[in-house]
Amino acid sequence: RKKIGVLTSGGDASGMNACVRSVVLYGISKGCDVYAVYEGYQGLVDGGDYIRKMDWRSVTGYLSIGGTSIGTARCMAFKTREGRLLAAQNLIKNGIDSLIVCGGDGSLTGADVFRSEWSGLVSELLKADRITKEEASIFKHLTIVGLVGSIDNDMSSTDITIGAVTSLHRICEAVDSVDTTALSHSRAFVIEVMGRHCGWLALMAGIATGADFVFIPERPPSEEDWETAMCKVARRHRELGKRKTIIIVAEGALDRNLKAIKVDHIKDILCDRLGLDTRVTILGHTQRGGSPCAFDRILGTVQSVAAVDAVLASTPDKPSPMIGMNNNQVTTKPLMDAVKLTHEGAAAIESRNFDRALELRDPQFLD
Ligand code: F6P
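Residues numbered from 1 in each chain as written. Predicted model: local features only at pLDDT ≥ 70, side-chain atom pairs only at ≥ 80, totals over all residues. Heavy atoms only, no water.

An unreviewed UniProt entry annotates the protein chain as ATP-dependent 6-phosphofructokinase of Absidia repens.

Given below as structure tokens:
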């Protein structure tokens, strides 16, 4: 009987619960035992009550709950060898040889490193009498399957990550609310949105709310003097009769010299040069909270079915798979290839190769 562990890691994202629910229900229906590892990798390191066998009713109501009900953490202990030894020991003692991890690129890389070290960890545990010879011979391999849970939509090789669309809805609701007060007072608002080094949330929110100007890391303003360019656009829109000015700024936005574009600086420019009564709104973690939209419930559900199937089809010689979504199809791709392309995208921004950065994120972006 296959024993599968499921955990959520890194920043939470709406739809992670749909993943856990689907892994549990589909896994059980396929004759597997499914264990939830609470608190991400920390739960794996701590073991005990953090690793719990799930039954059909354990995930009742999960679909509509935001965040992750089994908890998540950005775990430092798992980055150490002793942490990973403890994690391996806890998995073996619970009889688990397959892990489905839902998280961002950092969490998924951690999972693959764990898998590649596995035989060394098992030998070390055996040598230290922390596991028996029989256990070492049964748990020769670890299977890892990655699900991409992140509001940032910053992973290459998949069109969309679990939680990004819900976040986008939250941002749109917030910008719509700001819009009404901006209109009343004829004000300008500079709104900062999350996304880390990725501009997907900012760009899509800009399109969805009809913002005047959007700043994203992958396409810095072409002008050295972007302040003047932005003012030109805002002024023109005012002259056309707009009573409000909305500027959306990705938290990772950069100018052409890779200098961070700060919301307060934009505010000062709009006040000083255009005389606009301007406020700054940083949306913060409201963007990450709340009930998942239908899309993320569906995405988490169908991708997790594919994740369980990938566990059941896994062999030690195959690379760890990542479940993605491409052209509306659930896809399975080598996890580390996707991670490599994601890092290449970040490096392309650092070397100011912005076209390459966009290409690596395609088709998530409209060029
Ligand atoms: O990666 C998801 C994310 O929400 C980013 O958009 C943001 O930069 C970061 O996590 C915030 O992290 P924390 O919740 O640890 O403050």
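Moving on, there is more to tell.
A. Inspection of the side chain of Thr 158 at higher detail. By the element assignment, Thr 158 lies in the loop between β5 (143-148) and α6 (164-185). Residue Thr 158 is classed as buried on the basis of its relative accessible area, which comes to 2%. At a separation of 3.3 Å, a polar atom in the side chain of Thr 158 contacts the main-chain carbonyl oxygen of Ile 160. In this structure the side chain of Thr 158 is engaged in a polar contact, spanning 2.8 Å, whose partner is the backbone nitrogen of Met 325. (Helix = DSSP H or I, 4+ residues; strand = E, 2+ residues; numbered from the N terminus. Buried < 20%, exposed > 50% of the residue type's maximum accessible area, 1.4 Å probe, protein only. Polar contact = N/O pair within 3.5 Å; in protein donor to acceptor, adjacent residues only side chain to side chain.)

B. Representation of the packing of helix α4 (residues 105-127) against helix α11 (residues 335-350) in the model. Contact geometry of α4 with α11 gives a least axis separation of 10 Å together with a crossing angle of 140 degrees. Our classification of the angle between α4 and α11 gives oblique. Two packed elements cross with a definite hand, and for α4 against α11 that hand is left-handed. Within the contact between the two elements, α4 uses Asp 105, Leu 108, Thr 109 and Asp 112 and α11 uses Leu 335, Met 336, Val 339, Thr 342 and His 343. Across the contact of α4 with α11, the residue classes break down as four nonpolar, three polar and two charged. (Axes fitted to C-alpha atoms, helices over the stretch in contact; angles between N-to-C directions. Parallel < 35°, antiparallel > 145°, perpendicular 65-115°, else oblique. Left-handed = near helix turned anticlockwise from the far one by under 90°. Contact = heavy atoms within 4.5 Å. Nonpolar A, V, L, I, M, F, W, Y, C, P; charged D, E, K, R; others polar.)

C. Spatial organisation of the site of the ligand. Around the ligand, the neighbouring residues are Arg 74, Ile 151, Asp 152, Met 194, Gly 195, Arg 196, Glu 251, His 285 and Arg 288. Within the side chain of Arg 288, one N or O atom sits 2.8 Å away from an oxygen atom of the ligand. When the ligand is considered free in solution it has 400 Å² of accessible area, and contact with the protein chains removes 74% of it. At a threshold of 2 Å from the grid points, most atoms of the ligand map onto the largest pocket. (Near = heavy atom within 4 Å. Areas by Shrake-Rupley, 256 points an atom, 1.4 Å probe, with all protein chains shown as cover. 1 Å grid on protein atoms, 1.4 Å probe; cavity = no way out; pocket = protein on both sides within 12 Å on 5 of 7 lines; lining within 4 Å. Sits in = over half its atoms within 2 Å of the grid points.)

D. Geometry of the pattern of salt bridges. Across all of its chains, the model carries 19 salt bridges by this definition. Among the ionic pairs, Arg 52 bridges to Asp 49, the shortest N-O distance being 3.7 Å. A residue is classified by how much of its surface remains accessible, and Arg 52, at 34% relative accessible area, is partly exposed. Of the charged contacts, one joins Lys 242 and Asp 212 as a salt bridge, the two residues approaching to 3.1 Å between their closest N and O atoms. On the criterion of sequence distance, the pair formed by Lys 242 in the loop between α8 (226-239) and β8 (245-250) and Asp 212 in the loop between α7 (200-209) and β7 (213-215) is long-range, its members being 30 residues apart. (Salt bridge = Lys/Arg side-chain N within 4 Å of Asp/Glu carboxyl O.)

E. Structural detail: the UniProt feature "active site" (unreviewed entry) in the protein chain. According to UniProt, the feature "active site" (unreviewed entry) maps to Asp 152 in the numbering used here. Note that Asp 152 resides in the loop between β5 and α6. (UniProt positions renumbered as here; feature names shortened; annotations may be inferred.)

F. Seen up close, the sheet that holds strand β3 (residues 51-53). A sheet is described by the order of its strands in space; here seven strands give the open sequence β3-β2-β1-β4-β5-β10-β11, paired in mixed fashion. Two strands close off the open sheet at either side, each with one partner strand: β3 and β11 (329-334). Geometrically, the sheet is characterised by an average inter-axis angle of 25 degrees between neighbouring strands, direction not taken into account. Here strand β2 (residues 33-37) runs beside β3; their pairing, made up of three bridges, is antiparallel. For Ala 36, the partnering residue across the bridge sits in β3 and is Arg 52. Sheet strands in contact with helix α10 (residues 294-313) are β1 (3-8), β4 (98-103), β5, β10 (321-326) and β11, and its direction is about 145 degrees off that of β10. Running over the sheet, α11 touches β5, β10 and β11 and is turned about 90 degrees from β11. (Pairing = 2+ DSSP bridges.)

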